[in-house]
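Fold and contact review
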Amino acid sequence: MASGSTTPIAATARAEASLLPGLIKDAGLFALVTLGLCVPIVSYRTDLGQGIGLVITSRWGTVFALCAAIFVLRLVQQLYLTGRARRRAARAPVVEGASRLAAILAPITLVVALTLPLLASLLTGSLGEGRYWIDLGILILTYVMLGWGLNIVVGLAGLLDLGYVAFYAVGAYSYALLSTVFGLSFWICLPLAGLFAAAFGVLLGFPVLRLRGDYLAIVTLAFGEIIRLVLINWTDFSGGAAGISSIPRVSFFGLPFTAGENGFAATFGLSFNAMHRLVFLYYLILVLALVTNLVTLRMRRLPLGRAWEALREDEIACRSLGIDTTITKLTAFALGAMFAGFAGSFFAVRQAFVSPESFNFLESAIILAIVVLGGMGSQIGVAIAAIVMIGGPELLRNLGFLKAVFGEGFDPNEYRLLLFGLAMVAMMVFRPRGLISERTPSVTIAERGR
Amino acid sequence: MTLATGINRLATVQDEPPAAIPGGPADPVLIVDHLTMRFGGLTAVNDLSFKVGRGDITALIGPNGAGKTTVFNCITGFYKPSEGMIRLVQKGGETYLLERLPGHDVNRLARVARTFQNIRLFPRMTVLENLLVAMHKPLMRASGFSILGILGLPAYRSAEKAGIEKAAAWLDRIGLTARADDAAGDLPYGDQRRLEIARAMCTDPVLLCLDEPAAGLNPRESSELNTLLRLIRDEYDTSVLLIEHDMSVVMQISDRIVVLDYGTKIADGTPDDIRTDTRVIAAYLGVDDEEVAAVEAEVGLTGTQA
Amino acid sequence: MEFFAQQFINGLTLGSIYGLIAIGYTMVFGIIGMVNFAHGDVFMVSAFIALIAFLILTTWLGLSSVALVFLIVLVIAMALTALWGWAIERVAYRPLRGSFRLAPLISAIGVSIFLSNFVQVVQGARNKPVPPLVRDVVVLYQNEQYTVTLSYKQAIIMITTAVLLAGFWYLVQKTPFGRAQRAVEQDRRMAALLGINVDRTISLTFVLGAALAAVAGTLYLLYYGVVSFSDGFVPGVKAFTAAVLGGIGSLPGAVIGGIIIGLIETFWSAYFSIEYKDVAAFLILIVVLIFKPSGILGRPEVEKV
């Protein structure tokens, strides 16, 4: 205010200069708090020694490095924020960048996904060499599908489901049990698994869906844990903690992937390659994921899908418009569960082994994190989030220079969940509507003349 | 609060128990019969009876805290009344007991639509989508409860097209065609009010309940609202029940007015009846010139209630 | 009967710990209406802080007085955990006020995942045992078949809980902070207009909740003698169940709920099946939320239209 006579730019520059000590103090405070938080949990590490009890090692170096890192991060963040505030004042913000990026990324991602086995074998020399990439692709696509399935529940209908993995488990155990006990083929079990999971969704959803949002979240969490605990303890039914092994492998619609005469390779006149099955699995999950996506996109344009979104926005208004909120929520829940069931039976047929430990709360949390980071409702956002969050740590593991920096024992996978947690918080604080927050209208007025 | 207390004292001075259902309109669409609503120890609505005539605009007025919104919530299925009956009579004669219907069926079956005091749009959905959500029931049926719709059958596509046509006609009527594809939450306040009314109308109601539709509108918007409400009354088979504080709206467009004070009905009649009803004058609209000063002194207030 | 009495003592001990954690849930829910999902992990962090403080005091500094060690560990754990509680609120929850409905819960889930994996990274995934601090037991009753005992550990846990609850009760009922807290709970904006520092009151609520969780963490370590990075989840959910059962938002409700959950869990394990004891807790949570979400002492919620 004292700079009435100087030019605005000089004034802001001066204001920024006078801000700097404040910013440094603020960052210093952050570092100080970090120091407090690190004592003693980071500064002293406890390990089981040779004899009895724990041995303590002090690690003050790590603590100071952390504090310094926080100091710098906070300072940079604050400088960026003040800078951005000034830029905002100068001109209108460009909002459309993210959605335009999404429009470019979507077809590229699709093309890469469709040709991945080819790309992998071309880039690595042979199909066998490309195995790692196809495996990774299957893993990522499984999460993309689960993310898209959960997106129906969380992103569209606005119901926070923390027990989504339970339906994944229902699907996986459906196939595992139906195939090992009754000898049913995968192609019969796949739809059955989806139906069972959807039925479970209805069964659970019916009593709990009238609960308010956060209670619903906790109840679904409890339900998920109950399913897991029952799977662990009801040994006669589920094989207990040891799980179910030697689940039959997938066939090419009846043709087994074996070297024999009636095998897939022989029938199509190809030379046998163990990779055929993997490639087939890859395309299977790709198709399943794309079906999930397609159904979601279609549903958004249907009255039911619109009612889901309306429910997310305002439940009371929905009721005043004659929408049965319980049934509407139930359909979202059941449809989401059904896709988890499909994904579950895929998981079982790929692993040929299921055990309760694959279906713990953390798995639900990872899928939820993918949906949240993807922007809760954005399909391409969820896909990108799954690629980044599942594929990212895998790729980092192979980067040699990280080992050079952080030491030989460095494994990015250790930090994966830690980063997931941080990313979820950061997302809620900085971009609560997700990375891709632009919502595409399900219908526009221009379509009137169609 | 002090004003209301004063008014109530004045009202009870010359009180006589209101007749249960004093005649009222000949062909009622809504009959509220001995409605009582208690919250714990508080009686928000006490033995209230009134009728809404078919094809009428009926206003429900009364000082703040008179229980108007509670009456609305009982009619539209959000509260279950402690006592009493709320009957909705459709043109063919089918009667629905609203207090027995689950919340959403009040709209779905009995075809009572409402708006809210604090606007409840779907803010992130577009204006057009807001209107389409209101056509949930017919579109849902046309989509074969989503099964036919997901297969993309033409039956649904033509139903959707008809829905969009209907929405477009409403957008035209409320002057929002240009903003059809914008998020409803981005509209100015007055537009949001009109959109909420249009959305309620898209459910084809026989009774439209409006909770303070003119609140926060400027005089121009307020007069546009009058036009819209008259249009709804004259061109649709929709009767209107509204809560309103803006007397310019109430007196100009109402065919009938029901006055509530402390959860009890103190008057019921045409605007002219209400204008001359001594109890209402005393309780609500103001009192004779020479008494004004006395009353204001008594309640310790010099401003008038908005 | 003797078996029952013994189980009752065990259940009461466990219930004290759940009750202490449940207060953190119930206070935070009361004041800002969010389920602080990370509270169970704050409890776990506090147990680690207590573990390390204990090891430093006994092995490096060679302290041998049990009472002194226990008190110092308790104070250190409470202070440092309170700092965690404060920092979490400041970084992960405060910026979200006014954001959409589920944002705080999602953020809290993020914090929960972060905390458990942070501890896993810095302290390793193995279980951390400590030598038992006190072993003595008091025999309360004895006949040919059964002995009913109250271990010193159990006595310490119950006494500490009772003393701290009394102090805490005084704090929220009789002090200006308590008044401010109740005011903010009822109407945040009005409280602010009347000159109450809302941010500070909310911060203090988190600090207090975390400090009580630290008491629970220290007692948990004392009782079980072992802790691991994943120990926050299940006690957290059980304590939340306790808070809901007692009536979320009600402080006495949290303690009562905690004790009930502790007793149910103990009796369930003793008489039915130990494998399904967690299932019991989860089932109670679901049943209470569906049939009586206002719990034993809570106020029913009226839907605002």
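Predicted, not measured: the structure shown is a model, and the values here were computed from it. (Residues numbered from 1 in each chain as written. Chains lettered and ligands numbered in written order. Predicted model: local features only at pLDDT ≥ 70, side-chain atom pairs only at ≥ 80, totals over all residues. Heavy atoms only, no water.)

Helices and strands together make up the secondary structure of chain A, namely 17 helices and four strands. When each of the 450 residues of chain A is scored for burial, the buried share is 51%. Contacts in chain A between residues far apart in sequence, at least 24 positions, make up 71% of those at least 6 positions apart. Entry remark: accessible area of chain A is about 19900 Å², with carbon and sulfur atoms responsible for 69%. (Helix = DSSP H or I, 4+ residues; strand = E, 2+ residues; numbered from the N terminus. Buried < 20%, exposed > 50% of the residue type's maximum accessible area, 1.4 Å probe, protein only. Contact = heavy atoms within 4.5 Å. Areas by Shrake-Rupley, 256 points an atom, 1.4 Å probe, with all protein chains shown as cover.)

This model, assessed by the stated rule, comprises 35 salt bridges over all chains. Two residues, Glu225 of chain A and Arg228 of chain A, come together in a salt bridge whose shortest N-O distance is 2.8 Å. Taken together, the residues span about one helical turn, with Glu225 of chain A and Arg228 of chain A both in helix α7 (residues 213–233) at a distance of three residues. The two residues Glu225 of chain A and Arg228 of chain A agree in class, both being buried. When the shortest N-O distance is used, the salt bridge between Arg38 of chain B and Glu83 of chain B registers 2.8 Å. Taken as a pair, Arg38 of chain B in strand β1 (residues 28–39) and Glu83 of chain B in strand β4 (residues 83–89) lie far apart in primary sequence, 45 residues in all. Overall, Arg38 of chain B belongs to the partly exposed group, its relative accessible area being 38%. The exposure class assigned to Glu83 of chain B is partly exposed, which follows from its relative accessible area of 40%. One salt-bridge network, held together by shared partners, links Arg300, Glu309, Arg312 and Glu313 of chain A. (Salt bridge = Lys/Arg side-chain N within 4 Å of Asp/Glu carboxyl O.)

It is worth spelling out the interface of chain A and chain C at this point. Each partner contributes residues to the interface: chain A has 58 residues there, and chain C has 65 residues. Here chain A and chain C share an interface that buries about 5700 Å² over both sides, 78% of which is from carbon and sulfur atoms. There are eight residue pairs in polar contact (both at pLDDT 80 or more) connecting chain A and chain C. Put simply, the parts of the chain that give the side of chain A that touches chain C at least two residues each are α1 (8–38), β1 (44–48), β2 (54–58), α6 (186–208), α7, α12 (315–320), α14 (361–374) and α17 (412–430) of chain A. At 14 residues, α7 of chain A tops the list of elements feeding residues into the side of chain A that touches chain C. Residue composition of the side of chain A that touches chain C, by class: 41 nonpolar, six polar and 11 charged. (Buried area = accessible area lost by both parts, 1.4 Å probe. Polar contact = N/O pair within 3.5 Å; in protein donor to acceptor, adjacent residues only side chain to side chain. Nonpolar A, V, L, I, M, F, W, Y, C, P; charged D, E, K, R; others polar.)

What follows is about the nonpolar core. Judged by nonpolar contacts, the single largest core of 298 residues is most densely connected at Ile41 of chain A together with Phe37 of chain C. Composition of this core by domain shows at least three residues from each of domain 1 (18–90) and domain 2 (98–430) of chain A. Listed in part, the 31 residues of the second largest apolar core include Val29, Ala66, Leu101 and Val106 of chain B. (Core = buried A, V, L, I, M, F, W, Y, C linked by side-chain atoms within 4.5 Å. Domains from an automatic or database assignment.)

Glancing now at the confidence of the model for chain B. Residue and element names in this part refer to chain B. Predicted confidence across chain B gives a mean pLDDT of 79, with 83% of residues reaching 70 or more. Counting interchain partners and residues more than four positions distant, the pLDDT-below-50 stretch residues 1–20 has 27 contacts. In this model, residues 299–306 is a region of pLDDT below 50 whose contacts with residues beyond four sequence positions or in other chains number 11 contacts. For this predicted complex, the interface score ipTM comes out at 0.87, while the overall pTM is 0.84. (pLDDT = per-residue confidence, 0-100.)

Moving on to helix α9 (residues 219–235) of chain B. Residue and element names in this part refer to chain B. Helix length check: α9 (17 residues) gives 24 Å between terminal C-alpha atoms against 24 Å at 1.5 Å per residue, within 8%. The set of residues buried in α9 consists of Glu221, Ser222, Leu225, Asn226, Leu228, Leu229, Ile232 and Arg233. Contacts from the buried residues of α9 go to β3 (57–61), α7 (154–174), α8 (189–201), β7 (207–211), β8 (239–243) and α10 (247–253). (Expected span 1.5 Å × (residues − 1).)

So, on to the packing of α6 of chain A against helix α13 (residues 325–351) of chain A. All names here are of chain A. One way to put it is that α6 packs onto α13 with a least axis distance of 7 Å and a crossing angle of 140 degrees. As α6 packs across α13, the resulting crossing turns out to be right-handed. Only Leu330, Phe333, Ala334, Ala337, Met338, Gly341, Phe342, Ser345, Phe346 and Val349 of α13 make contact with α6, whose side of the interface consists of Phe186, Leu190, Pro191, Ala193, Gly194, Ala197, Ala198, Gly201, Val202, Leu204, Gly205 and Phe206. Among the residues forming the contact of α6 with α13, the class breakdown is 17 nonpolar, five polar and no charged. (Axes fitted to C-alpha atoms, helices over the stretch in contact; angles between N-to-C directions. Left-handed = near helix turned anticlockwise from the far one by under 90°.)

Taken domain by domain, chain A holds domain 1 (18–90) and domain 2 (98–430). One C-alpha centre belongs to domain 1 of chain A, the other to domain 2 of chain A, and the line joining them spans 36 Å.

Residue and element names in this part refer to chain C. Spanning 23 residues, helix α5 (residues 152–174) covers 32 Å between terminal C-alpha atoms, matching the ideal 33 Å at 1.5 Å per step. Taken residue by residue, α5 has Lys153, Gln154, Ile157, Thr160, Thr161, Leu165, Phe168 and Val172 as its buried positions. Residues of α5 that are buried sit in contact with α1 (2–32), α3 (66–93), β3 (147–151), α6 (176–186), α8 (198–224) and α10 (251–272).

Residues and elements named next belong to chain B. Of all five residues that make up β8, five are buried, and the element is covered over most of its length. Burial along β8 is two-sided: Ser239, Leu241 and Ile243 facing one way and Val240 and Leu242 facing the other are all buried. By the bridge criterion, five bridges tie β7 to β8 in an arrangement that is parallel. Bridge pairing in β8 links Leu210 to Leu242. Handedness of the β-α-β unit built from β7, α9 and β8 comes out right-handed. (Pairing = 2+ DSSP bridges. Right-handed = clockwise from strand over helix to strand, strands pointing away.)

Residue and element names in this part refer to chain B. The six strands are arranged β6-β7-β8-β3-β9-β10 in an open sheet whose pairing can be described as mixed. Every other strand in the sheet has two partners, leaving β6 (112–114) and β10 (264–269) as the edge strands with one partner each. Taking each pair of neighbouring strands and ignoring which way they run, the sheet shows an average axis angle of 20 degrees. On the sheet, helix α2 (residues 68–75) packs against β3, β6, β7, β8 and β9 (256–261) and is oriented at approximately 145 degrees with respect to β8. Across the sheet, α8 touches β6 and β7, and the angle it forms with β7 is around 160 degrees.

A separate point is the confidence of the model for chain A. All names here are of chain A. When pLDDT is averaged across chain A, the result is 82; 86% of the residues are at 70 or more. For chain A, the element scoring lowest by mean pLDDT is helix α16 (residues 400–406), at 63; α13 scores highest, at 93. Between residues 1–6, whose pLDDT stays under 50, and residues either more than four places distant or in other chains, the model counts four contacts. Note that pLDDT drops below 50 for residues 91–95; the model gives that stretch one contact with residues more than four away or on any other chain.

This part covers unusual backbone geometry. In this structure, Pro40 of chain A follows Val39 of chain A across a cis peptide bond, with omega equal to -10 degrees. Along the chain, Pro40 of chain A falls in the loop between α1 and β1. Non-glycine residue Ala352 of chain A carries a positive phi angle of around 60 degrees. In this structure, Ala352 of chain A sits in the loop between α13 and α14. Taking the relative accessible area as the measure of exposure, Ala352 of chain A reaches 11% and is therefore buried. Of note, the phi angle at Tyr262 of chain B is positive, near 50 degrees, even though the residue is not glycine. By the element assignment, Tyr262 of chain B lies in the loop between β9 and β10.

Our next topic: the packing of aromatic side chains. All told, the structure shown has 42 aromatic pairs over all chains when counted by the stated rule. Arranged with centres 5.1 Å apart and planes meeting at 75 degrees, the rings of Phe252 of chain A and Phe253 of chain A form a pair that is edge-to-face. A relative accessible area of 22% places Phe252 of chain A in the partly exposed class. By way of ring pairs, the aromatic residues Tyr175, Phe186, Trp187, Phe252, Phe253, Phe264, Phe268 and Phe280 of chain A are connected into one cluster. Cation over ring: Arg173 of chain B sits above Trp170 of chain B, and NZ or CZ is 4.7 Å from the ring centre. Taking NZ or CZ as reference, Arg199 of chain B lies 4.7 Å from the ring centre of Phe122 of chain B, over its face. (Phe/Tyr/Trp six-rings, centres within 6.5 Å; stacked < 30°, edge-to-face > 60°. Lys NZ or Arg CZ within 6 Å of the ring centre and 35° of its normal.)

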